Each structure stands twice: as C-alpha cells, then as structure tokens.
Amino acid sequence: MNAPIHREIPASALLDTGRALAGISAQWDGDIVRRLTDYIAIPAKSPSFDPDWVAHGHIETVVRQAADWVLAQKVPGLQLEIVRLQKPDGSPRTPVLFFEIAGTKPGSDQTALMYGHLDKQPEFNGWRNDLGPWTPKYEDGRLYGRGGADDGYAVYAAIAAVQALKAQDVPHPRIVGLIETCEESGSYDLLPYIDALRAPGNNRLGDVGLVVCLDSGAGNYDQLWLTTSLRGMASGTLKVEILTEGIHSGDASGLVPSSFRIMRQVLDRLEDSATGRLLPASFHCEVPANRLAQAQATAAILGEEVYKRFPWAHYDCGGSTTFALPTTTDPLQALLNRTWLPTLSVTGAEGFPAIQDAGNVLRPWTAFKLSLRLPPLVDAAAAVQELKALLEDNAPYQAKVTFDSGGGATGWNAPAATPWFETALNEASQAHFGASCGYIGQGGTIPLMNMLSEGFPKAQMMVCGVLGPRSNAHGPNEFLHVPYARKLTAAVAQVLARMP
C-alpha cells in the first residue's frame, strides 16, 4: 500500500520521459513547425468572420491538410474521418475532423477525448512591420502568425503525444480526437456533431473519462498549467437611432441629442464606467473556496507578471516613461478580475466615418459590438435575456434602441481532480519543467467544456495550452511558444499513460 508508485505500476506501463521529450522535440522541430507555418499562411477565418467560408475554401484546406498529415503518421489502430453534417435548410455545417485510436491498456474501458480547433480569428491591425496574420515567421523559438497557438497546433500535438506512447509500447486507453472549425464563432455547429457521434447504438465517443483540451493558456512558460475555470460570454450589437439621416451639426446639435450620448446613457445602466463593475447582481457569482485558494497560490507564483504581461501604452515625459495602469496591481485581485468577475468590452463600432472623412455632421445612429464576459457559474441564456431588456427598455428621448443578440455560452468550472489525475499532472510538470503543476482560471470561453462536463460529469478535464505571457491570441503579433509546446506535448503523453 505504501510502496512508491513506480513500484506499483508494471515497467511496461511507464513512460521514459526523457526519451519521450527528445522524440517529441525532434518531431516539432523537424516537421510540426513546418506544418504550422503552412497552416498560418491560410486565412481560415471562422464563419462569423467569413460568411462565404464555403466558397473561399480555406477551412476545407486546413482540415484536409491536417487529415492528410494525421494519416501519414501511420499511427497503429488509428481511424480518421472528416465528418460533415448539414443544417435544416440544407446548407453545410463547418466540418469536424474525428479520429479514434484503439486502446491497448488491459482492463481500460474509458476513452480519452482530445480537442482542438482549426478556425481562426480575423486579422486585426497593429502587427509589427515584419509580421502579419498570414505571413508566418519563426524567430527565437516563437512562431508568429494567426492561429498557430489558438489553436492550430492542437491536432499535431495530440498525435505527437500518442506517437510518443507508441514508440515505447506504453499501454494507453482508447483515444478519440475532435477537431472542430467553428470554435471562434461560439461552436454553434459543434453540438449537432457531438449528438451524431453519441448516437444510440453507435456511440463513437465512448465513455469519456479524460478530456484533453489544448485550447487554453499558461501563467508562465516555466511549468505545466491546468485551467480550472472559464468565463462564459454574452455578445451582441447595440444600436441607437435618433435620426433617419445625418444633418448639419451646427444646425441641430443642442436640440437633437447625440446618438453617442444616448449610447453612453444606455451603457451606464450596465456598467459603472469609473470602475468597470457590472451593475446587475445576477451577472455576478461567489468565487468557490477552492478556486480562491488556487488563485492565492497562483498569485504568489506570478506576482506582478499577472498584469505586466500586457502591452501597456506609454509616453515619455521629462525623460521618464509613464505607463498606463491596470484596474488593480494586487496580483490576487487581478487574477479574480479576469476570471471570476463579469466584464464588458466594446469590440467593434459602426456609424462613424473615418476621421479624415468626418465633416460637421450629426450622425443619425451609433452601433457597438458588445462582448460581455460572465463568471463561470452564471447562466448565459438568462444573462442574454436580462441584457436585452436592460438595454432596450425606456430609451432616453424615446430613441430607437435595439440589442441584436449574438448568443451566449455558459462558462465552466472544472470538476474536482481525482488522485490519479492530480498525481499525473504534477509528475508530468516535474518531469518536463522541474516545477509543480500550476492552477489558473482563464477569462476566455470554450463552449465545448461545459457541454462535455454535462455529458460526462465524471470525466477529468486536462484543459491546457500554449497561450502564455504576451502570446496575444486574437490580437497582433500572436505567437506560438515552441519550446513550451514541446514540453506540453510530452506532458500530455505522460498523463495519457497514467490514465486508468
């Protein structure tokens, strides 16, 4: 009972971690970086950002490239399919790459599900002069370009982890891969695929006991990080209309209220602009005690890096440089602000002419794209309904105010870790990073995680990723930290080997 764990496990079940990392590193450097370079060059934007995605063919290209590469690896026992479904109107849903690998561990009756996505966010501006979203560049261990880190690397890393097990004949459970192409649009196509893959009498997912999601972040590049929570999201377009056409500002201003000022008043119902606090109590939730304790431990590890990691604006004044400030400089509060507090962001605007084209005209309308991040335990559907009523009712000056919802996704709070899983994470982190596993909540949203937790309530969730400090997913100069990706891939292999 008290013997060391390595004496309780047959030698054939143990993974030689040094050999595994060496093989995985060689595969990353000799093949995967090149494959991801090709992937980055393809503008496979998610359907919300490319309504003509079918005609453009970029999503189809990256899916086929990934499928061809997976098949070329000739992993024993692997079967692969590009699954295609249609919407009720007959139009195609975004495709899903699905693979399954027969288990080799005696007595194992559960499945490990590996998840990632191949669709991308749009270009954004502000890229360094020698970089661009579709012009990949490998520099100092960083592969720059859109989508490599979020999340094109996932399918390649997943297969490389399995190959490390196969290379040493280490027994493993049955493994399936689910690689979607709609994640950056809220995964609205994913649930029909999950339902199809779990059809009665033909459940191809199996009894999922472990989910490996490679679409998350890292607090630093010095240890393995497990994501313990994800915020939800409610989004939509808020539009304020006061006139049917623009008119001379000198003639009408002071009498016709500005649509922008009305917009400010409407948003004041939702947010305290001085502090950024969301006003409706229903948009908040209590932070669970275990998550608070983990945040305290993580704050001690990361310290000021929690907020210093961002590219703050600055200006020179009298020879000294002054930087813009975060909402808080307390590391613990900073972690909670970005993981367990609701936050409003305006991510787009319409109704404004470009500055060089802006004359003395009172604009007839203003529209903002709103992105509301919700705490992990707040129901997104209820939040969307409340948000619409809050913004539209009793408009100032009886202006026409409409909120066109873009939908919502409920956040996620990880289940309690079982002993085998917690031990495996720490062993993997120590073996490949020389430090214990860190635990951190993330402010982003991965709709699949809540779906899987509901469908497989007993499954352990290894939600992790390469989005560490300054990797800047969705923004300019996004990069994949290749040295970290190598070690993360090896850590995934080790956890798969430990799965009962």
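This text gives an overview of the structure that appears in the document. (Residues numbered from 1 in each chain as written. Predicted model: local features only at pLDDT ≥ 70, side-chain atom pairs only at ≥ 80, totals over all residues. Heavy atoms only, no water.)

## Side note on the overall build of the chain
A tally of regular secondary structure across the chain gives 15 helices and 22 strands. Its C-alpha atoms give the chain a radius of gyration of 24 Å, within 12% of the compact-globule value 23 Å for 500 residues. Along the longest, intermediate and shortest principal axes, the C-alpha atoms of the chain span 85 × 55 × 45 Å. Counting all 500 residues of the chain, 51% fall into the buried class. Within the chain, counting contacts between residues at least 6 apart in sequence, those at least 24 apart form 81% of the total. Accessible surface, the chain: about 22,100 Å² in total, of which carbon and sulfur atoms supply 52%. (Helix = DSSP H or I, 4+ residues; strand = E, 2+ residues; numbered from the N terminus. Rg over C-alpha atoms; globule rule 2.2 N^0.38 Å. Buried < 20%, exposed > 50% of the residue type's maximum accessible area, 1.4 Å probe, protein only. Contact = heavy atoms within 4.5 Å. Areas by Shrake-Rupley, 256 points an atom, 1.4 Å probe, with all protein chains shown as cover.)

## Thoughts on the side chain of threonine 328
Relative to the assigned elements, threonine 328 resides in the loop between strand S14 (320-323) and helix H11 (331-337). In terms of polar contacts, threonine 328 uses its side chain to reach the backbone amide nitrogen of aspartate 330, at 3.1 Å. When sequence neighbours within four positions are dropped, the list of residues in contact with threonine 328 reads Tyr307, Gln333, Ala334 and Asn337. (Polar contact = N/O pair within 3.5 Å; in protein donor to acceptor, adjacent residues only side chain to side chain.)

## Things to note about the packing of helix H13 (residues 419-433) against helix H15 (residues 482-498)
Running from N to C, H13 and H15 cross one another at 145°; their axes reach a closest spacing of 9 Å. Crossing geometry of H13 relative to H15 is assigned as right-handed. Here Trp420, Phe421, Ala424, Leu425, Glu427, Ala428, Ala431, His432 and Phe433 of H13 come into contact with H15, specifically with Tyr484, Lys487, Leu488, Ala490, Ala491, Gln494, Val495 and Arg498. Classifying every residue of the contact of H13 with H15 gives 12 nonpolar, two polar and three charged. (Axes fitted to C-alpha atoms, helices over the stretch in contact; angles between N-to-C directions. Left-handed = near helix turned anticlockwise from the far one by under 90°. Nonpolar A, V, L, I, M, F, W, Y, C, P; charged D, E, K, R; others polar.)

## Brief notes about the side chain of glutamine 163
Along the polypeptide, glutamine 163 turns up in helix H5 (residues 148-167). Look at glutamine 163 and you get buried, because its relative accessible area is 18%. Here glutamine 27 takes part through its side chain, which lies 2.6 Å from a polar atom of the side chain of glutamine 163. If we skip the residues at most four places from it in the chain, glutamine 163 touches Gln27, Gln73 and Val75.

## What about the packing of helix H2 (residues 17-40) against H5?
At their nearest, the axes of H2 and H5 sit 10 Å apart, and the two run at 145° to each other. Relative to H5, H2 is oriented so that their crossing is right-handed. Every residue of H5 that contacts H2 at Arg19, Ala20, Ile24, Gln27, Trp28, Ile32, Arg35, Leu36, Tyr39 and Ile40 is listed here: Gly148, Gly152, Tyr153, Tyr156, Ala157, Ala160, Gln163, Ala164 and Ala167. Broken down by class, the residue content of the contact of H2 with H5 amounts to 13 nonpolar, four polar and two charged.

## Some details on the sheet that holds strand S9 (residues 208-213)
Pairing in this open sheet of six strands is mixed, and the strands run S1-S2-S6-S3-S9-S21 from one edge to the other. Unpaired on one side and paired on the other, strand S1 (78-83) and strand S21 (460-463) mark the two borders of the sheet. Averaged over all neighbouring strand pairs, the angle between strand axes comes to 15°, with direction disregarded. Of the strand pairs in this sheet, S1 and strand S2 (residues 96-101) are connected by six bridges, and their pairing is antiparallel. (Pairing = 2+ DSSP bridges.)

## Thoughts on the packing of aromatic side chains
In the structure shown here, the tally under the stated rule is 10 aromatic pairs. Between phenylalanine 310 and tryptophan 312 the ring centres are 6.4 Å apart and the planes differ by 85°, which places this aromatic pair in the edge-to-face class. A relative accessible area of 40% means that phenylalanine 310 is categorised as partly exposed. Under the relative-accessibility criterion, tryptophan 312 is labelled partly exposed at 28%. A ring pair is formed by phenylalanine 352 and phenylalanine 368, whose centres lie 6.5 Å apart and whose planes are at 15°; its orientation type is stacked. Taken as a pair, phenylalanine 352 in the loop between strand S15 (343-350) and strand S16 (361-362) and phenylalanine 368 in strand S17 (residues 365-374) lie far apart in primary sequence, 16 residues in all. Judged by relative accessible area, which is 38%, phenylalanine 352 ranks as partly exposed. In textbook terms, an aromatic cluster arises when at least three aromatic residues are bridged by ring pairs, as seen for Tyr221, Phe433 and Tyr484. (Phe/Tyr/Trp six-rings, centres within 6.5 Å; stacked < 30°, edge-to-face > 60°.)

## Points about the sheet that holds strand S4 (residues 137-139)
Pairing is antiparallel across the open sheet formed by three strands, whose spatial order is S4-S5-S22. In this open sheet, the two strands that pair with only one neighbour each are S4 and strand S22 (479-481). Shown here is a sheet whose adjacent strand axes are inclined to one another by a mean of 20°, direction ignored. Pairing geometry for strand S5 (residues 142-144) and S22, over three bridges, is antiparallel. When the sheet's bridge partners are listed, tyrosine 144 is paired in S22 with phenylalanine 479. With respect to the sheet, H2 is in contact with S4, S5 and S22, its orientation differing from that of S5 by roughly 20°. The sheet strands contacting H15 are S4, S5 and S22, and the helix crosses S22 at an angle near 55°.

## Side note on helix H9 (residues 289-302)
Over its 14 residues, H9 extends 20 Å from the first C-alpha to the last, a length consistent with the 20 Å expected when each residue adds 1.5 Å. Regarding H9, the residues found buried are Arg291, Ala295, Thr298, Ala299 and Leu302. The arc that holds every buried residue of H9, seen down its axis, measures 105°, which confines them to one face. Along H9, exposed side chains directed more than 90 degrees from the buried face belong to Ala289 and Ala300. (Expected span 1.5 Å × (residues − 1). Arc of directions from axis to C-beta.)

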